[in-house]
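These are the residues of each chain, in order.
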Amino acid sequence: MPPVIHQYLPTTAVGDGVTQSALFIRKLLRRLGYRSHIHANLFPAELKHDIRPADALQSDPGDVLVFHHSMGHNHVSVIKRYTGPRILVYHNITPSHYFAPGTAERHYAAKGREQLADWKQLCQGAIAVSPYNARELTALGYPNVCTLPLLVDLEQLGQIPAARPAWAPDPSRPFLLSVGRLVENKRQHLLLEALWYLQQHLPAQQRPQFVLVGGTTSPAYADHLHAVRARLGLTEQVLIVGKCSQAHLNWLYLNAHVYVTASAHEGFCMPLTEAGFFKLPAIALASSNIPDTLGESGLLLDSSDPRVLAATLAEALTDTSLHAQLRQAAQNNLARFDPDALLPPLADYLAQHLAQTMTQSRDASEAPT
């Protein structure tokens, strides 16, 4: 009988990137023949058939715990009390200096990095979802670090029918799309400033609208973003829609003209891969792991000057040849994220680094007392 490979994360949410990663990993593990369950302290009713309570997690001999880390939390006891082999899946933590002093986000970002440094003795291995994350784990001294982008279930993404939202932008004009939480490190204000410059240099019929999708992590930054939109006179051109369903998001990916991000820090940047799935050309600033995620499938900028971003957007909007090249390049980038491409290295990693520890754990449990 194959061992059970449990997964644990403190909290889950519908559409959350780390939650989606856990569901994707469970799918791959079951394809490899492992039994696998996901446990969390908090989960919404919509996920009650996919997530088990954290207190139901058992440390049976030979079984394995895979635990996800993307922010500091107060549930370390769940991880420490597990007696079997443990593997960390690291999604990165936004540096605390991006958050305002005294906020919960700043506190838990700093705490998360402290926990990350402390946990290397607990783990038999670590999976980084990007090379950027792997370098951090290696520098901290984690054993058996590998890089596997276990994040985006492209098969499932293609099975969700697109649905036009009631608040969809004006169909007679092109629109730009950006997906990400409203928080300081995402720097959506630079996108609004770039849009303002763009509006000054394009004919009226070519001036794009902008749709910003994402929940609010920093209320102060969200307020600032609304103020910037008003100050630049872009209230009618920019839709700030909050979180939306995957069906609505798929419609946006299918109908947008260009995807753009000005984020200063990304452990992976999942929306770039989702945009590529829908052949949506992408423009991004070359920060953190974005160059690796985007590969050669989009345009990378070294400058965060909104005027440079505006000029690049103008090219992508008006040059039909460039637009077509970027659409094809976006599709070509997907092969390395395909489940069939990820299964062999995941199987090899588990076989190489867990076989011995699982055997030792079973032998210890079967030894006479």
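For the structure, check the block above.
Along each chain, residue indices are assigned from 1 in the same order as the chain's sequence is written. Local features in a predicted model are, by the rule used here, given only for residues with pLDDT of at least 70; side-chain atom pairs are given and counted only at 80 or more, and totals for whole chains, interfaces and linings are based on all residues. As a rule here, side-chain values cover all heavy atoms of the structure and leave hydrogens and water aside.

A. Fine view of helix H4 (residues 131–140). Exposure classes here rest on a 1.4 Å probe applied to the protein chains alone. A residue is buried below 20% of its type maximum, exposed above 50%, and partly exposed in between. Per the convention used, a helix needs a DSSP run of H or I reaching at least four residues, while a strand needs a run of E reaching at least two, with both numbered from the N terminus. All buried positions along H4 are accounted for by Asn133, Ala134, Glu136 and Leu137. The buried residues of H4 occupy an angular sector of 160° when projected down its axis, which confines them to one face. The exposed set on the far side of H4, more than 90 degrees from its buried face, consists of Arg135, Thr138 and Ala139. Looking one or two places after H4, you find glycine 141, whose phi comes out positive at around 95°. As used here, the arc belongs to the directions running from the helix axis to the C-beta atoms.

B. Geometry of the packing of aromatic side chains. Stacked, tilted and edge-to-face are the three classes applied to pairs of Phe, Tyr and Trp rings, where Trp contributes its six-membered ring and a pair requires centres within 6.5 Å; stacked means planes under 30 degrees apart, edge-to-face means over 60, and tilted covers the rest. This structure, assessed with the given rule, holds 7 aromatic pairs. Ring centres 5.5 Å apart and planes at 75° place the aromatic pair phenylalanine 67 and tryptophan 119 in the edge-to-face group. Here phenylalanine 67, found in strand E4 (residues 64–69), pairs with tryptophan 119, found in the loop between helix H3 (104–118) and strand E6 (125–128); they are 52 residues apart in sequence, far enough to count as distant. Phenylalanine 67 sits in the buried class, given a relative accessible area of 0%. Residues tryptophan 196 and tyrosine 197 carry aromatic rings whose centres are separated by 5.2 Å and whose planes lie at 80° to one another, so their mutual orientation is edge-to-face. With relative accessibility at 32%, the residue tryptophan 196 sits in the partly exposed group. By way of ring pairs, the aromatic residues Tyr253, Tyr259, Phe277 and Phe278 are connected into one cluster.

C. The arrangement of the sheet that holds strand E13 (residues 299–301) in detail. As summarised here, the arrangement of the 6 strands in space is E10-E9-E8-E11-E12-E13, forming an open sheet in which the pairing is parallel. Each edge of the sheet is formed by a strand with only one pairing partner; in this case those strands are strand E10 (238–242) and E13. Sheet twist, expressed as the mean angle between neighbouring strand axes with direction ignored, is 20°. Bridging between strand E8 (residues 175–179) and strand E9 (residues 209–213) involves 5 bridges; their strand directions are parallel. Its bridge partner lying in E9, leucine 176 is registered against phenylalanine 210. Of the strands in this sheet, E9 and E10 are in contact with helix H7 (residues 219–231), which crosses E10 at around 160°. Contacts: residue pairs with any heavy atoms within 4.5 Å of one another. Note on method: axes are straight lines fitted to C-alpha atoms, helices fitted across the in-contact stretch only, with angles between N-to-C directions ranging 0 to 180 degrees. With respect to the sheet, helix H9 (residues 270–277) is in contact with E8, strand E11 (258–261) and strand E12 (282–285), its orientation differing from that of E11 by roughly 170°. One bridge is not enough; two strands pair if DSSP finds at least two bridges between them.

D. Structural view of the sheet that holds strand E2 (residues 35–42). Pairing in this open sheet of 7 strands is parallel, and the strands run E3-E2-E1-E4-E5-E6-E7 from one edge to the other. Of all strands in the sheet, those bounded by a partner on one side alone are strand E3 (51–53) and strand E7 (145–147). Strand-to-strand twist in this sheet, taken as the mean axis angle between neighbours without regard to direction, amounts to 30°. In this structure, strand E5 (residues 86–90) lies alongside E6, joined through 4 bridges in parallel fashion. Residue pairing for E6: isoleucine 87 is matched across the bridge by glycine 125. Packed onto the sheet, H4 meets E5, E6 and E7 and runs at close to 175° relative to E7.

E. Spatial organisation of the pattern of salt bridges. Basic side-chain nitrogens of Lys or Arg form a salt bridge, by our definition, when they fall within 4 Å of a carboxyl oxygen of Asp or Glu. Per the stated rule, a full pass over the model turns up 8 salt bridges. One salt bridge connects arginine 336 with aspartate 292, and the closest N-O pair in it is separated by 3.7 Å. On the criterion of sequence distance, the pair formed by arginine 336 in the loop between helix H12 (320–332) and helix H13 (339–366) and aspartate 292 in helix H10 (residues 290–294) is long-range, its members being 44 residues apart. Accessibility expressed as a relative area gives 34% for aspartate 292, which makes it partly exposed. Its salt-bridge partner being aspartate 305, residue arginine 307 comes within 2.9 Å of it at the nearest N-O pair. Here arginine 307 falls in the exposed class, since its relative accessible area comes to 53%. Of the residues examined, aspartate 305 reaches a relative accessible area of 22% and is grouped as partly exposed. Overlapping salt bridges, with partners in common, bring together Lys27, Arg31, Asp153 and Glu155 in one network.

F. Spotlight on the pairing of E2. Direction of pairing for strand E1 (residues 4–11) relative to E2: parallel, over a ladder of 7 bridges. If you follow histidine 6 over to E2, its bridge partner there is histidine 37. The definition of a right-handed crossover adopted here requires that, viewed with the strands pointing away, the path from the first strand over the helix to the second runs clockwise. Handedness of the E1-helix H1 (residues 17–31)-E2 crossover: right-handed. As paired strands, E2 and E3 are joined by 3 bridges and run parallel to one another. Opposite alanine 40, over in E3, you have proline 53 as the bridge partner.

G. Examining the packing of helix H6 (residues 188–201) against helix H11 (residues 306–318) more closely. Where H6 meets H11, the axes come as close as 8 Å, and the angle between the chain directions of the two elements is 60°. Considering the relative orientation of H6 and H11, their crossing is right-handed. Here H6 contributes Leu190, Leu191, Glu193, Ala194, Tyr197 and Leu198 to the contact with H11, which in turn contributes Pro306, Arg307, Leu309, Ala310, Leu313, Ala314 and Leu317. Put simply, Ala, Val, Leu, Ile, Met, Phe, Trp, Tyr, Cys and Pro go in the nonpolar bin, Asp, Glu, Lys and Arg in the charged bin, and everything else, Gly too, in the polar bin. Counted by class, the contact of H6 with H11 contains 11 nonpolar, no polar and 2 charged residues. Helix crossings fall into two classes, left-handed where the near helix is turned counterclockwise from the far one by less than a right angle and right-handed where it is turned clockwise.

H. Just the pairing of E10, in detail. Sheet analysis places E9 next to E10, joined by 4 bridges and oriented parallel. Within E10, the residue paired with valine 213 across the bridge is glycine 242. Where the polypeptide runs from E9 across H7 and back to E10, its parallel neighbour, the crossover connection is right-handed.

I. Geometry of unusual backbone geometry. Although it is not a glycine, cysteine 269 sits at a positive phi angle of roughly 80°. Structurally, cysteine 269 is set in the loop between E11 and H9. With a relative accessible area of 6%, cysteine 269 lands in the buried category. Of note, the phi angle at serine 288 is positive, near 45°, even though the residue is not glycine. The class of serine 288 is partly exposed, set by a relative accessible area of 22%.

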